[in-house]
Number of protein chains: 2
Amino acid sequence: VSTSTHPNDFALETPALLLDVDALHANLIRMSTHLRQLGATLRPHVKTAKSVDVVRRALEGQPGGITVSTLKEAEYFFENGIRDMLYAVGIAPGSKLTHVVDLIRRGAELTLILDNAVAADFVAKVAKAAGIRIPILLELDVDGHRAGIGVGSPDLIAVARAVHEADSLELRGVMTHAGASYECRSAQALRAAAAQERLRSVAAAEQLRAAGLPCPVVSIGSTPTALFAESFAGISEVRAGVYMFQDLVMAGLGVCRIEEIAISVLVCVIGHQAERGWLITDGGWMALSRDRGTATQPLDQGYGVVRSAAGAAASDDLIVVSANQEHGIIAHRSGARFDVERYPVGTLLRILPNHACATAAQHDHYNVVRAGSCRPVETWPRISGW
Amino acid sequence: VSTSTHPNDFALETPALLLDVDALHANLIRMSTHLRQLGATLRPHVKTAKSVDVVRRALEGQPGGITVSTLKEAEYFFENGIRDMLYAVGIAPGSKLTHVVDLIRRGAELTLILDNAVAADFVAKVAKAAGIRIPILLELDVDGHRAGIGVGSPDLIAVARAVHEADSLELRGVMTHAGASYECRSAQALRAAAAQERLRSVAAAEQLRAAGLPCPVVSIGSTPTALFAESFAGISEVRAGVYMFQDLVMAGLGVCRIEEIAISVLVCVIGHQAERGWLITDGGWMALSRDRGTATQPLDQGYGVVRSAAGAAASDDLIVVSANQEHGIIAHRSGARFDVERYPVGTLLRILPNHACATAAQHDHYNVVRAGSCRPVETWPRISGW
């Protein structure tokens, strides 16, 4: 790969986050085509990209609503002209709720989620005091993954009724995230996870309707289940975020091919430890993130898979085996020695990340490149924080 | 801990990074006292704090030089009046080196490190073309941890001579970082790592001097070895950064007590999964980082140890057992059920981090609090990126 070393006048300082816009577009088209074929609409989750430039492209052909994971995202996308937002983390009382009220008063169509009567009560009181009506989805737990009202729990109708009976709240429906799909180990398991996510959500919606409660919205999604679903019958919208970039965890799940991963970190070889078979680079965990999502998958990819600067597979099977804050250690996957001199000091390499959300979050902008190049054609800012 | 729940008018939106300024001051005094007693001076590493407010305090009573891990840090601290900086990551050719030249021309006293003749050659050429002289330390590998010229390698004199003979470079000496100290499991092992770091660095300096080469600077350091060193004879400066905040990894090493950890993440309980013995919070890995540094220590602390909002030990032995992007799952360390209703929705809790550098990096400011309080008295910005 030494031919991909760039001359000294190359403009990027390493480490730098690259976004292959051609791979991005292909990923967006794959998801939107799949959903269109199954008659579903998409509410993209912006937590991965946190960039209006990316999300505007993801919204092409969709109704226009998004999913946010923080109120900082809600602020940023609202300032960029997006009004319809689902805040997909259970709301806390206090200043976050005050912030929600402020956003709604300024014109945001912000929907909240909750899974307990305590939250229904304090949101209702704050909304009432503010003289507004807040749309609510009930969060469902379809796979024991984290939050949400369990399938078959009597809490579902009780909380739904509390929401419905509060004048300052509007019961819109149910939502869930099949996070356990990340632990699937086969296409069959992914299809089953997708079916379970859909069927349990539809069943909860039916329970509400049977109790005389409104449930116009049935919102589900995760990148694996969205792409492996064979039906969206009964579902009003699908949420997903990672699909825009994909990553090694998704590749390990069989959700994408490695070649479809759109983001990577450009690093530079700064030294060798030849006897140990190591390349030392300036891309450490600060640039790659500490995420080791593939560690529990059949193929552990270390801190990332090494590609040439232009994105081609390296001739040696190299991964980042270890990372300090600003140093990466690249070695052969098997531990076998290789000729480190094939990667002289100054060689630029691209690292494909375990987890797109975590790696992108370590950077404040995307260096947008075309397929097969690492020369940026544009810079897209991204946000972080709360 | 429900008495530590704050009223709804509490100003912070969770998750929020807290910095206990009283704990910070105690940590700074501990290190400076220890070094003064052993006759050493400190060149604080700013990679953990990345804040001029923190580093100004760390420099009290010290010569004034700092260590940086990125050129972004160099820019920021230079703009804030600090000129003497050691960039402690091996330099890459290209735009980073151009950036170094620019900083030096603007008045920064920036020292570079390198461990190979290729780097000596390209730095010399660029410095010569720019008409400047760049100070250089040779990086030593004292423990097989990552970069650096190995102890006893003939490369040491060869690279030193290449640097010394280049008119545009100034050979200043040697430096190392005993990163393997993080794997020590006893005070005795830490003392031995500190002695090894010092003795091997002093030996390398002696080798240079015996060859007629200058070596005024012998720079060593890591928080564990700095605090466990029993002598700094022959050492001109000590570098450390994590000591300012400390963290669970340092506590696990026996380098600090848990009560000395100065940073934490304030989170809010947003729900329960009572049958599983879980509290769901709004502090996920985005706020805590993906760092699991204690996973390989005798006591695995999960994604962090739970304290009351005011910093007191919780009456249950709770840790963050799992984290999604914006959700944390808190459970009893043993997996035992506990009365989740003792932590109602809205309860604020403090999470002590595995690794201060990684957790602080997820935030763009410190909410500065006094001991025993989570009401910020000041806000200190911090930087990130490259």
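Check the entry above for the structure.
Everything in this summary refers to the structure shown in the same document. (Residues numbered from 1 in each chain as written. Chains lettered and ligands numbered in written order. Predicted model: local features only at pLDDT ≥ 70, side-chain atom pairs only at ≥ 80, totals over all residues. Heavy atoms only, no water.)

### So, the relation of the copies chain A and chain B
Note on the chain copies: they are related by a rotation about an axis and a translation along it. Once turned by 180° and shifted 0.0 Å along the axis, chain A lies on chain B with an RMSD of 0.0 Å. Here the two chains are linked by the operation of a two-fold rotation axis. The position closest to the rotation axis in chain A is occupied by the C-alpha of A:Arg290, lying 2.5 Å away. Most of the interface of chain A is mirrored in chain B: 100% of its interface residues are interface residues there too. (Least-squares fit on C-alpha atoms with pLDDT ≥ 70 in both. Contact = heavy atoms within 4.5 Å.)

### Regarding the interface of chain A and chain B
The partner chain B presents 61 residues to the 61 residues of chain A that form the contact. Carbon and sulfur atoms make up 53% of the surface buried where chain A meets chain B, a total of about 4900 Å² over both sides. In terms of surface lost to chain B, no three residues of chain A exceed A:Glu13, A:Arg146 and A:Trp386, which account for 16% of the buried area on that side. In this structure, A:Asp291 and B:Arg290 form a salt bridge, with 2.6 Å as the shortest nitrogen-oxygen distance. Between the two partners, chain A and chain B, sit 28 residue pairs in polar contact (both at pLDDT 80 or more). With four residues, the single largest contributor to the side of chain A that touches chain B is strand S10 (residues 263-273) of chain A. Along the lines of polarity and charge, the residues of the side of chain A that touches chain B split into 26 nonpolar, 21 polar and 14 charged. (Buried area = accessible area lost by both parts, 1.4 Å probe. Salt bridge = Lys/Arg side-chain N within 4 Å of Asp/Glu carboxyl O. Polar contact = N/O pair within 3.5 Å; in protein donor to acceptor, adjacent residues only side chain to side chain. Helix = DSSP H or I, 4+ residues; strand = E, 2+ residues; numbered from the N terminus. Nonpolar A, V, L, I, M, F, W, Y, C, P; charged D, E, K, R; others polar.)

### Quick look at the environment of A:Arg333
All names here are of chain A. The topology assignment puts arginine 333 in the loop between strand S14 (328-332) and strand S15 (348-352). Each C-alpha atom, one on arginine 333 and one on alanine 312, is 17 Å from the other, the two residues being 21 residues apart in sequence. Excluding residues that lie within four positions of it along the chain, arginine 333 makes contacts with Leu299, Asp300, Gln301, Val305, Asp317 and Ile319. In this structure the side chain of arginine 333 is engaged in a polar contact, spanning 3.0 Å, whose partner is the side chain of glutamine 301.

### Quick word on the packing of aromatic side chains
All names here are of chain A. Tallied over the full model, the rule gives six aromatic pairs over all chains. Taking the centre distance of 4.7 Å and the plane angle of 80° together, the rings of tyrosine 76 and phenylalanine 77 count as edge-to-face. The class of tyrosine 76 is buried, set by a relative accessible area of 13%. Ring geometry for phenylalanine 245 and tyrosine 366: centres 5.5 Å apart, planes at 65°, overall edge-to-face. Placement of the pair is phenylalanine 245 in the loop between strand S9 (237-238) and helix H9 (248-253) and tyrosine 366 in strand S16 (residues 365-369), with a sequence separation of 121 residues. No difference in accessibility class separates phenylalanine 245 from tyrosine 366, as the two residues are buried. (Phe/Tyr/Trp six-rings, centres within 6.5 Å; stacked < 30°, edge-to-face > 60°. Buried < 20%, exposed > 50% of the residue type's maximum accessible area, 1.4 Å probe, protein only.)

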